[in-house]
Amino acid sequence: MPKKYHINIRPTPLDVDFVFKFKIARGENCINCGKCTKVCIYEAHKRRKDDQRKMADPNTVVCRNCFRCIQECPRGALEKAIDKDFANIGGRYWKPDTIISLWKQAEDGAVPVTGAGYRGPFTGTGFDSMWTDMSEIVRPTRDGIHGREYINTAVTLGRKLNHLVFNPSRQLTSLVPDYIDIPLPILFDVPSTDITTNVKLALIKAASELNTCIILPISEITPDVEKYYGNIIPYFTVTEIDTRKDIIKKARLLAIEFNSVLLKELPAVQKKIKELGHAITIIRLPAKKNVEDTAIELARNGAEVIHVVADYCGREADHKSGTEGRLLKDIVRAVHQRLVEEGIRDEITLIASGGIAMAEHVPKVMLCGADLTAIDIPLMVALGVKLYEKPENLMIFPDKLAKISVLILTQRIINLVGAWHSQLLEVMGAMGIREARRLRGESGRAIFFEEIDKDTFGKLFKKEK
Ligand code: SF4
Ligand code: SF4
């Protein structure tokens, strides 16, 4: 059995003011008896350092909502109140609970378990209208998660041959293209432009420790990150290729912003890149209307990897304001399906990003047809960034963030990815799939609400002509 991919998670609290569902508040009728300091095993209640006779403000960060202090306070002085910012954070897509769950996963790297069953809606839009087939949940394949069998989450990036050619002496004559394996189907996408140097370094170091890669604008690739070149995907425009040959020579993967010029000149551009080194080229393609047509043309022209990029809520990049447009699930299904119809799906790698907000979105978008995903906002939330959908895509960085050590920030990103990796193993185990590569396009192993709704009720409610 090959060595298992292991992620080293470690509890790593972050000393910044984040949003919570509830805040613990101490009323004025507190008599400073100190009983709450004894009953709270998480040490949320302490006395003030400057005056031991009085109680300090409760530390909501460590509170685990057991309600013991509230029940046992002799004066009823403690209350849990809804955090005023809780209802405002996120929006329709990035729900407050999703954001808080990401934050918690970055704290301890654990799978989020809420208990008491699921009380949310039966269905929704996008990934919420899709369920994975967990029919193997009681079968022995589950042992894979717990050690007796091996579940492989590795994926491959690069162009693949449609078939192999051998000469009459049975020697392989096909030239096998370059490819790269990464141990989990998650890349780090281009980070926000507002990040500080310590955040940039933490993202790069975490990518390196996890053995994945981060897509970084070429202007951000400074000499101090040279030792991480193997985990950095330089991102540039077609016109920048000739100016940054030094970086292209060393890169294993590089990303080019889509430009219509590429529809004709892709073979020449890729030839130029291959003459400089061995980098595999990713074309970063905005998920606009008819993105599948563009993807087909690029694939026919020899594209190695196509990265379909939806907006931050997983919508089409050019959707009209006030409309939804297609969502990532449907965009990726359309691109995958067209590539299958053209008979070239197996030759290229497809990355999907935009609106990947929860661990479950990774296997779901792969079942829709992506080989792997790229994430951005969850990494920022792991570092204490608050996201608001109104005004559009507003990210509030904690004041203290620039002063927090790279070590702490790196570990929180590793924790988040560790929690997502554990959840991917859970889903794959329950589906009876032991190879992440086999998730790609297995839409028969998922249930799509729109489809069963149409199959079940479509005929009943169809208007008679
Ligand atoms: S138990 Fe109640 S009264 Fe006593 S210190 Fe705590 S909050 Fe104050
Ligand atoms: S609710 Fe429980 S965990 Fe939270 S502060 Fe009170 S005793 Fe501590």
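Conventions used here
Residues numbered from 1 in each chain as written. Chains lettered and ligands numbered in written order. Predicted model: local features only at pLDDT ≥ 70, side-chain atom pairs only at ≥ 80, totals over all residues. Heavy atoms only, no water. Helix = DSSP H or I, 4+ residues; strand = E, 2+ residues; numbered from the N terminus. Rg over C-alpha atoms; globule rule 2.2 N^0.38 Å. Buried < 20%, exposed > 50% of the residue type's maximum accessible area, 1.4 Å probe, protein only. Contact = heavy atoms within 4.5 Å. Lys, Arg positive; Asp, Glu negative; His and termini not counted. Charge placed at Lys NZ, Arg CZ, Asp CG, Glu CD. Pairing = 2+ DSSP bridges. Right-handed = clockwise from strand over helix to strand, strands pointing away. Salt bridge = Lys/Arg side-chain N within 4 Å of Asp/Glu carboxyl O. Near = heavy atom within 4 Å. Nonpolar A, V, L, I, M, F, W, Y, C, P; charged D, E, K, R; others polar. Axes fitted to C-alpha atoms, helices over the stretch in contact; angles between N-to-C directions. Parallel < 35°, antiparallel > 145°, perpendicular 65-115°, else oblique. Domains from an automatic or database assignment. Left-handed = near helix turned anticlockwise from the far one by under 90°. Polar contact = N/O pair within 3.5 Å; in protein donor to acceptor, adjacent residues only side chain to side chain. Patch = residues over 30% accessible without salt bridge, like charges linked within 9 Å, V, L, I, M, F, W, Y side chains within 5 Å. Areas by Shrake-Rupley, 256 points an atom, 1.4 Å probe, with all protein chains shown as cover.

**Overview of the overall build of the protein**
Each helix and strand in the protein was counted, giving 13 helices and 16 strands. In terms of overall dimensions, the protein is globule-like: its C-alpha atoms have a radius of gyration of 25 Å, near the 23 Å expected for 465 residues. Scored against the burial criterion, the 465 residues of the protein give a buried share of 48%. Long-range pairs, those at least 24 residues apart, make up 70% of the contacts in the protein between residues at least 6 apart in sequence. Each charge class in the protein was averaged separately, 68 positive and 60 negative side chains, and the resulting centres sit 4 Å apart.

**Section: the pairing of strand S10 (residues 280-286)**
Burial of S10 is extensive: six of the seven residues sit out of reach of the surface. Here strand S9 (residues 253-257) runs beside S10; their pairing, made up of five bridges, is parallel. Residue pairing across strands places Ile256 opposite Ile283, the latter belonging to S10. This β-α-β element, S9 to helix H7 (residues 262-276) to S10, shows right-handed connectivity. Crossover connection from S10 via helix H8 (residues 291-300) to parallel strand S11 (residues 305-309): handedness right-handed.

**Quick notes on the pattern of salt bridges**
Under the definition given, this model contains 37 salt bridges. A salt bridge links Lys274 to Asp178, with the nearest nitrogen and oxygen atoms 3.8 Å apart. A residue pair is termed long-range when its members are at least 10 positions apart, and Lys274 in helix H7 and Asp178 in the loop between strand S4 (155-157) and strand S5 (180-182) qualify at 96 residues. Glu275 serves as the salt-bridge partner of Lys271, at 3.4 Å between the closest nitrogen and oxygen. Separated by four residues within a single helix, Lys271 and Glu275 lie in helix H7, roughly one turn from each other. Since its relative accessible area comes to 53%, Lys271 is described here as exposed. Relative accessible area serves as the criterion here: at 58%, Glu275 is assigned to the exposed category. Here the residues in one salt-bridge network are Arg345, Asp346, Asp371 and Arg440, joined through shared partners.

**Considering the site of ligand 2**
In the vicinity of ligand 2, the contacting residues are Ile24, Cys40, Tyr42, Ala44, His45, Cys63, Arg64, Asn65, Cys66, Phe67, Arg68 and Cys69. Residues belonging to the shell around ligand 2 are distributed by class as follows: eight nonpolar, two polar and two charged.

**Observations regarding the packing of helix H3 (residues 96-108) against helix H12 (residues 406-431)**
Closest axis-to-axis distance for the H3/H12 pair is 6 Å, and the angle between their directions is 105°. Comparing their axes, H12 and H3 come out roughly perpendicular. When H3 is examined against H12, the residues Leu102, Trp103, Gln105, Ala106, Glu107 and Asp108 are found in contact with a partner set consisting of Arg412, Asn415, Leu416, Ala419, Trp420 and Gln423. Residue composition of the contact of H3 with H12, by class: six nonpolar, three polar and three charged.

**Notes on the domain arrangement of the protein**
By domain assignment, the protein separates into domain 1 (22-82) and domain 2 (141-453). A C-alpha centroid distance of 45 Å is found between domain 1 and domain 2.

**Quick look at the packing of helix H5 (residues 197-210) against H12**
Look at H5 against H12: their axes get within 8 Å of each other, and the N-to-C directions meet at 50°. On the basis of their axis angle, the class for H5 and H12 is oblique. When you trace H5 past H12, the crossing you get is right-handed. Contacts between H5 and H12 involve Asn198, Val199, Leu201, Ala202, Leu203, Lys205, Ala206, Glu209 and Leu210 on the former and, on the latter, Val406, Leu409, Thr410, Ile413, Ile414 and Val417.

**A few points about the site of ligand 1**
What surrounds ligand 1 is the set Arg26, Cys30, Ile31, Asn32, Cys33, Gly34, Lys35, Cys36, Met55, Cys73, Pro74 and Leu78. When its residues are assigned to classes, the shell around ligand 1 shows eight nonpolar, two polar and two charged.

**Quick word on the side chain of Asn198**
Residue position: Asn198 is located in helix H5. Among the residues examined, Asn198 registers a relative accessible area of 8% and is labelled buried. A distance of 3.2 Å separates a polar side-chain atom of Asn198 from the backbone oxygen of Ala402. Of the polar contacts made by the side chain of Asn198, one reaches the backbone oxygen of Ile404; its length is 2.8 Å. Contact partners of Asn198, with chain neighbours within four places excluded, come to Leu401, Ala402, Lys403, Ile404, Val406 and Leu409.

**Details of a nonpolar patch on the surface**
A cluster of nonpolar residues, Leu161, Leu164, Phe166, Leu172, Val176 and Tyr179, forms a patch on the protein surface that exposes about 580 Å² of accessible area. Position of Tyr179 relative to the elements: it lies in the loop between S4 and S5.

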